[in-house]
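Residue strings, one per chain:
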Amino acid sequence: MARLTFVGGIHPYDGKDLSKDKPTKEVLPKGDLVYPLSQHIGAPASPIVKKGDRVLTGQKIAEASGFVSAPIYATVSGTVKAIEERRVVTGDKVMSIIVENDGLYEEVEYQKAESLESLKKEEIIEKVKEAGIVGMGGAGFPTFIKLSPKEPEKIDYVIVNCAECEPYLTSDYRRMLEEPENLIAGLKVILRLFDKARGVLAVEDNKPDCVELLKNLTKDESRISVKALKTKYPQGSERQLIFAVTGRAINSSKLPADAGCVVNNVDTVVAVYHAVMEGKPLMERIVTVTGDAVADPRNFKIRIGTNYHELLEEAGGFKKEPEKIISGGPMMGFGIFDLDVPTTKTASALLCLTHDDVSKMQPTACINCGRCVEVCPGRIVPSKVATAAEHYDEETFIKLNGMECCECGCCSYVCPAKRTLTQSIKSMRKLQLAKKKK
Amino acid sequence: MNKLLKVSSNPHIRSGAATGNIMLTVVFALLPATGFGIYNFGMRAFLLILVTVISAVLTEYLYEKLCKRPVTIGDFSAVVTGLLLALNLPVSVPLWMGALGAVFAILVVKMLFGGLGQNFMNPALGARCFLLISFTSLMTDFECDAYTGPTPLAVLKEGGSVNILDMFLGKTAGTIGETSMLAILIGACILLFTGIIDLRIPGTYIVTFLLFVVLFGGHGVDPAFLSAQLAGGGLMLGAFFMATDYVTRPVTKRGQYVYGVALGMLTGIFRLFGPSAEGVSYAIIISNLLAPLIEKVTLPKAFGKGGEKR
């Protein structure tokens, strides 16, 4: 049963008006492009080019180095300048391939598919794998693995995550308005893999024009429906989305496939379409450059690897001094201290704010008000879980279901004592996950 | 860019909710009851309130100064404690008792246990009960210039009859802030509409108490008796302003219902079977002590049932 929503969640200022009404602008990079070898979950890709090699747009420059891994493609033509460590948005230094752009944009030849029907299922999955597609909503999990669950016949829902619940972000919104055909075609490609599944385009109801448009375009598609979900953060969180669409609740140790679902976000589905039907590897994505410090906030279709500096220049630079710059949205993005980092497959936005809420607020004592409990979509007690984490009390942390946290940030957002609940829980989760791996 | 910006863990935005704002709203919501108390009992009530509030704030300030801790009187929680304590005192008590109660509330019940958020029982009620036990006759003497009789609940307990309208409006004997059901309900609405409290605890509390009185009160479903029980004593003030105290109530949703039931039953027992006509304060502080246990057994089930391994 579709519930169209979930328990908990918040309604922060969404800031989408800044950028939502301007058409996406295509940006060709001018400077060097940087391709971190690790821009997905799993093993870093291993380079197959060396310094001095000439590469073409669409040429593979690093290949997957394990099952959970993804290849990387050059997004411009030019010369490999170096393979060295470069700083990425998370602040880490990651081995990267640097390509000097020759400005010619010479492309390799892509092999188009004749028709979807002519492709075997294995061929589709192979194409998605070869194209280096990973979850572009932020997680960066290799998509071909999602598309090949153990029991494909048990999948009865293919959900496209069009919620875009993160404040300020409008890239999915623009994509849905500007190329809905590609989105629907991508969904059809995925549906081809799952005979018993129906496709659902799950959109938050703050985008009525998208709902309307997609409904019109899919009215003759018997397998595809559009669902308008209640607008609430984090509606786009995978498990909350599955619940809203199907009424099935899964815990953190389960996969969407356990609930008969395959979930992908808008950009990913469009990338699947390009990969399978046009033979194009993952090279582009849409990035929202926005925030009250930006002169001309809007969306850009960018070549992955473009420097954030260039994006900001395209958006007219700063009109006010920024105090905080975030890669991604304000709820789950990464704060960055310097713009000199490359865009990656998972870069959804560059958000420049003139106010830094966090550094102005001093955490004080918990007053046990219970607001975090009210908003937690994972239905845990964040105040207690965070305290356990802060005391490094692993046993209590696990007992209180600390591992069920999805790190959405709602608890920190509402906390009147300004405790850094999400941060504490997140750190402990990371430690526990690392321990499990050992 | 030369200037490196600050980074922080997500989320990067925060809501406007702040402890100080919440406490200030509670003070604001207490103003109708406070105002009526002063109107009802005269300037002496105002003086007592002033002494209690100032003593509470000063105790917190001095304690933190002496212990070289950050001073937290800016969060207004000491003001709330002082004000609530004053509203729970008869107008005739000496001023030093108000001050003593405030010092006990802040120093013993709150600061010694770790300050805001760490106290195991409601400081104002802890202090009231401390005063009740130590100075029973002064604390239960409700005679003053305005009223010379016993409180309506005491009258009721002796089998007498009371004027319900007077009780609803608050023109009766009692502690400074508890007499007017109307003024308290106005304040309660402020708390409800600003989302500071919800009806889970007060609702369960009052319903349970009424059921208890119907079953064991000896009057059955007698509207006059029931409304007198409802409007009399500290029930309204306790249910909306003190049982809902964040720090000392269970944080879990299911726990709050259990807590409400416990409060209702204890209040019923104390009022009907105890030696005194009043029982809200004791019911609340005893339930405060149960809160951690209630929380422990009412932890919510995590989304997707949680816990089990793949």
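Before any of the text, the structure's been laid out above.
Chains are numbered independently. Their residues run from 1 in the order of the written sequence. As they are written, the chains are lettered A onward and the ligands numbered 1 onward, keeping that order. Note on the predicted model: pLDDT of at least 70 is required for a residue's local features to be given, and 80 or more for side-chain atom pairs to be given and counted; whole-chain, interface and lining totals, by contrast, use all residues. Hydrogens and waters are ignored; side-chain quantities use all the structure's heavy atoms.

Draft legend 1. Representation of the overall build of chain B. Counting secondary structure elements, chain B contains 14 helices and zero strands. Starting at the N terminus, helices and strands are each numbered in turn, a helix being any DSSP run of H or I of at least four residues and a strand any DSSP run of E of at least two. Starting at the N terminus and ending at the C terminus, chain B contains elements arranged as α-α-α-α-α-α-α-α-α-α-α-α-α-α. Every radius of gyration here is taken over C-alpha atoms, with the globule rule written as 2.2 Å times N^0.38, N being the number of residues. For 310 residues, the compact-globule estimate of 2.2 N^0.38 gives 19 Å, and chain B sits close to it at 21 Å. Seen through its C-alpha atoms, chain B measures out along the principal axes to roughly 80 × 50 × 30 Å. For the accessible areas, the method is Shrake-Rupley and the probe is 1.4 Å, while residue cover comes only from the protein chains on display. Just so you have it, chain B exposes about 13100 Å², and 70% of that area is on carbon and sulfur atoms. Counting 21 positive and 15 negative side-chain charges, chain B places the centres of these two groups 18 Å from one another. Under the counting rule used here, the positive set is Lys and Arg, the negative set is Asp and Glu, and His together with the chain ends is not counted. In this description, the location of a charge corresponds to atom NZ of lysine, CZ of arginine, CG of aspartate or CD of glutamate.

Draft legend 2. Structural context of the overall build of chain A. When you go through chain A residue by residue, the secondary structure sums to 14 helices and 17 strands. What you see for chain A is a C-alpha radius of gyration of 21 Å, in line with the 22 Å of a compact globule of 438 residues. Scored against the burial criterion, the 438 residues of chain A give a buried share of 59%. Residue contacts are counted whenever heavy atoms from the two residues lie within 4.5 Å of one another. Considering only residue pairs separated by 6 or more positions, chain A has 74% of its internal contacts joining residues 24 or more positions apart. Accessible surface, chain A: about 17300 Å² in total, of which carbon and sulfur atoms supply 51%. Counting 61 positive and 60 negative side-chain charges, chain A places the averaged centre of each group 5 Å from the other. The cut-offs for exposure are 20% and 50% of the maximum accessible area for each residue type, with area from a 1.4 Å probe on protein chains only; residues under the lower value are buried, those over the upper are exposed, and the others partly exposed.

Draft legend 3. Main features of the pattern of salt bridges. Residues and elements named next belong to chain A. A side-chain nitrogen of Lys or Arg and a carboxyl oxygen of Asp or Glu constitute a salt bridge if their distance falls within 4 Å. Evaluation of the coordinates by the stated rule reveals 32 salt bridges over all chains. Salt-bridge contacts for E84 lead to R86; the nearest nitrogen and oxygen are separated by 2.9 Å. Taking the relative accessible area as the measure of exposure, E84 reaches 32% and is therefore partly exposed. Residue classification places R86 among the partly exposed residues on the basis of a relative accessible area of 30%. Residues participating in the shared-partner salt-bridge network are R175, E179, D267, R285 and K301.

Draft legend 4. Examining the sheet that holds strand β3 (residues 46-47) of chain A more closely. Any two strands with at least two DSSP-identified bridges between them are counted as paired. With antiparallel pairing, the three strands of this open sheet are ordered in space as β3-β5-β6 (chain A). Every other strand in the sheet has two partners, leaving β3 and β6 (72-73) of chain A as the edge strands with one partner each.

Draft legend 5. Here's a closer look at helix α7 (residues 266-278) of chain A. In this model α7(A) runs 18 Å from its N-terminal to its C-terminal C-alpha over 13 residues, within 8% of the 18 Å that 1.5 Å per residue would give. In the segment just after α7(A), G279(A) is the residue with positive phi, at about 70 degrees. Helix span, expected: 1.5 Å multiplied by one less than the number of residues in the helix.

Draft legend 6. Expanded view of the interface of chain A and chain B. On the side of chain B, 44 residues touch chain A, which itself brings 67 residues to the contact. Taking both partners together, chain A and chain B bury about 4700 Å²; carbon and sulfur atoms supply 56% of that area. When the buried surface of chain A facing chain B is broken down by residue, F337(A), I367(A) and N368(A) rank first, second and third, together holding 13% of it. Here chain A is connected to chain B by two salt bridges. E374(A) is paired through a salt bridge with R200(B); the nearest N and O atoms lie 2.6 Å apart. For the side of chain A that touches chain B, the secondary structure elements donating two or more residues are α6 (238-246), β15 (324-327), β16 (334-336), α9 (357-360), α10 (371-375), α13 (410-414) and α14 (421-437) of chain A. Buried area: the accessible surface (1.4 Å probe) lost by two parts on joining, summed over both.

Draft legend 7. Broad picture of empty space enclosed by the protein. All names here are of chain B. Using protein atoms alone on a 1 Å grid, points that fit a 1.4 Å probe yet trap it form a cavity, whereas open point sets bounded by protein on both sides within 12 Å along at least five of seven lines form a pocket; residues with an atom within 4 Å of a point count as lining. Grid points are joined across faces, edges and corners, and a volume is the space filled by probe spheres set on the points. A complete count under the given rule lists four cavities of 30 Å³ or more for this structure. Empty space within the largest cavity amounts to approximately 310 Å³. Around the largest cavity, the lining is made up of 21 residues, and of these M23, V80, L84, D245 and Y246 lie nearest the centre. Elements with a minimum of two residues in the lining of the largest cavity: α1 (19-41), α3 (77-87) and α12 (235-242). Among the elements that take part in the lining of the largest cavity, α3 stands out by supplying four residues, more than any other.

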